[in-house]
Amino acid sequence: MKDVLLRGLVRPADLRLILVEATDLSRMARMLHGLAPTSASIFAEAMTAGLLLGALQKGETRVNLSLEVDGPLSGLLVDAGTDGSVRGHVRRPDVHFPGDPAIGPCAALGGSGTLSVLRDLGKGEFYRGSVEVLPGTLTDNLRRYFAASEQVATAIDIRVLPTGKEPLGMVAGLVVQKMPEGSVDALETARNRIAGGAFLDALASGAKDEALARSVVGDGLEVLTRGPVSYVCNCSRQRAVNAASALGHAGIREVLAEEKQVVIDCEFCKKRYVIEEAELSDIARRLEGDLPAC
Ligand SMILES: [Zn+2]
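Colleague: Lay out the sheet that holds strand β10 (residues 221–227) in plain terms, naming residues and giving numbers.
Modeller: Overall, antiparallel pairing links the five strands, which are arranged β8-β9-β2-β1-β10 in an open sheet. The sheet terminates laterally at β8 (154–163) and β10, the two strands that pair on one side only. Pairs of neighbouring strands in the sheet enclose a mean axial angle of 15°, with direction left out of account. Sheet strands touched by helix α1 (residues 23–33): β2 (15–21) and β9 (166–178). Its angle to β9, the strand with the most contacts, is close to 130°.

As structure tokens, then:
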């Protein structure tokens, strides 16, 4: 199975649809972060949500989805781009509720908290929307976010389906939105199909791609684009140097007097950047104005 992001239109009802299959990237992220099954399941759901939210935006922008909850998971952050890239981290990687996989994620989230979405609208403009977390899945809470914060009528479903011993057997999600002239009834039909388990049943029966999308929107689907999605981190040594520079020359002189190195671990991809004494001295001198900025 190859992860994919599909965009389409449903005519003549004038709905737009985005479908994400994120099984491979979710399994990869699970290995990278060493996640126990329940943490992995919620993280997969959140990354799929991030990709769907990202795909609703224009241009080359990003969206952050963050969750602060009183349950054992505690919180997570997902950063996704309009280009199909996603990364993130979970505060408590070791959460595991054996038994019914439909119940564990709700228990891990607990009963209160905040779900926030930060949208980069481009040109330095941002929009933040949030809803209080209530008992239920992340997707239940995301539905309430769409109802409360976004202007467009939306139907959404995200499913993480275990197969055998694999907690991330299949991971997929879709969003259906009404275009300005779109049919209210058609969107309601999509919502009812989701509520009746159509998307989950299609996924469980092995449907993929267009067939999976049609389980919710029916036969009028016209696929516009189809592209890859993947777990990508855009951290770099230069960003780590910039982070060290943010200590200021006094801060770096302090480090030089004690540890003699700065170690920065990327929370998203676990890469470690070590900035040694000689480079730190250069940064401090540059900050003091003795060296030209490179
Ligand atoms: Zn990284």
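Colleague: Break down the sheet that holds strand β6 (residues 113–122) for me, with residues and values.
Modeller: In space, the six strands of this open sheet follow the order β7-β6-β3-β4-β5-β11, with mixed pairing throughout. Taken across any chain shown, the strands that pair with only one partner, and hence form the sheet edges, are β7 (125–133) and β11 (230–231). The sheet contact formed by strand β4 (residues 75–81) and strand β5 (residues 85–90) spans five bridges and is antiparallel. Paired with Val 78 across the two strands is Gly 88, which belongs to β5. Helix α2 (residues 37–55) contacts β3 (62–69), β4, β5 and β6 of the sheet and is inclined by roughly 35° relative to β4.

Colleague: For the packing of α1 against α2, give the residues involved together with the corresponding values.
Modeller: Put simply, α1 and α2 touch, their axes get as near as 10 Å, and they point 130° apart. With respect to each other, α1 and α2 are oriented oblique. Between α1 and α2 the crossing geometry is right-handed. Listed contacts from α2 to Leu 25, Ser 26, Ala 29 and Arg 30 of α1 are Ala 40, Phe 43, Ala 44 and Met 47.

Colleague: I'd like to hear about the nonpolar core, residue by residue, with values.
Modeller: Nonpolar side chains in soluble globular proteins generally cluster together in the buried interior. Ranked by internal contacts, the top residues of the largest apolar core, which has 70 residues, are Leu 17, Phe 43, Ala 46, Met 47, Leu 51 and Val 176. Per-element accounting of this core gives the leading share, 11 residues, to α2. Residues in contact with Phe 43, not counting those within four places in the same chain, are Ala 29, Leu 35, Leu 76, Gly 88 and Val 90. With eight residues, the next largest nonpolar core counts Ala 244, Ile 275, Ile 283 and Ala 284 among its residues.

Colleague: Tell me what's going on with the pairing of β9, and back it up with residues and numbers.
Modeller: Of all 13 residues that make up β9, 10 are buried, and the element is covered over most of its length. Taken together, the nine bridges between β8 and β9 define a ladder with antiparallel strand orientation. Paired with Val 160 across the bridge in β9 is Val 171. Here β8 hands over to β9 after two residues, with Gly 164 in that stretch at a positive phi of 60°.

Colleague: Please set out the domain arrangement of the protein chain residue by residue, giving values where relevant.
Modeller: By the assigned domains, the protein chain splits into domain 1 (4–231) and domain 2 (237–287). The distance between the C-alpha centroids of domain 1 and domain 2 comes to 37 Å. Among the elements that make up the side of domain 1 that touches domain 2, the one with the highest residue count is β5 (three residues). Taken together, the residues of the side of domain 1 that touches domain 2 break down into one nonpolar, two polar and one charged.

Colleague: So what about unusual backbone geometry? Which residues, and what values?
Modeller: Cis geometry is adopted by the peptide bond preceding Pro 12, which originates at Arg 11 and carries an omega value of 5°. For Pro 12, the location among the structural elements is in the loop between β1 (4–10) and β2. Even without a glycine there, the phi angle at Lys 260 is positive, about 70°. One non-glycine residue, Lys 270, lies in the positive phi region at around 70°.

Colleague: Explain the environment of Leu 256 to me, and be specific about the residues and the numbers.
Modeller: Mapped onto the elements of the fold, Leu 256 is located in helix α9 (residues 248–257). Leu 256 sits in the partly exposed class, given 16 other C-beta atoms within 10 Å. The spatial distance from the C-alpha of Leu 256 to the C-alpha of Ala 246 is 15 Å, given a sequence separation of 10 residues. Setting aside chain neighbours within four positions, we find Leu 256 in contact with Glu 277, Leu 280, Ser 281 and Ala 284.

Colleague: How would you sum up the packing of α2 against helix α4 (residues 138–149)? Please name residues and give values.
Modeller: α4 packs onto α2 with a crossing angle of 30° between their chain directions and a minimal axis gap of 10 Å. One finds that α2 runs roughly parallel with respect to α4. Between α2 and α4, the contacting residues are Ile 42, Glu 45, Ala 46 and Ala 49 on the first element and Leu 138, Thr 139 and Leu 142 on the second. A per-class count over the contact of α2 with α4 returns five nonpolar, one polar and one charged.

Colleague: Outline α1, supporting the account with residue identities and numerical values.
Modeller: Within α1, the full set of buried residues consists of Thr 23, Leu 25, Ser 26, Ala 29 and Arg 30. Buried residues of α1, seen end-on, are gathered within an arc of 165° and therefore sit on one face of the element. Looking at the buried residues of α1, the elements they touch are β2, α2, β5, β9 and β11.

What counts and how
Residues numbered from 1 in each chain as written. Predicted model: local features only at pLDDT ≥ 70, side-chain atom pairs only at ≥ 80, totals over all residues. Pairing = 2+ DSSP bridges. Helix = DSSP H or I, 4+ residues; strand = E, 2+ residues; numbered from the N terminus. Axes fitted to C-alpha atoms, helices over the stretch in contact; angles between N-to-C directions. Contact = placed C-beta atoms within 7 Å. Parallel < 35°, antiparallel > 145°, perpendicular 65-115°, else oblique. Left-handed = near helix turned anticlockwise from the far one by under 90°. Core = buried A, V, L, I, M, F, W, Y, C linked by C-beta atoms within 7 Å. Buried ≥ 20, exposed ≤ 12 C-beta atoms within 10 Å, placed from the backbone. Domains from an automatic or database assignment. Nonpolar A, V, L, I, M, F, W, Y, C, P; charged D, E, K, R; others polar. Arc of directions from axis to C-beta.

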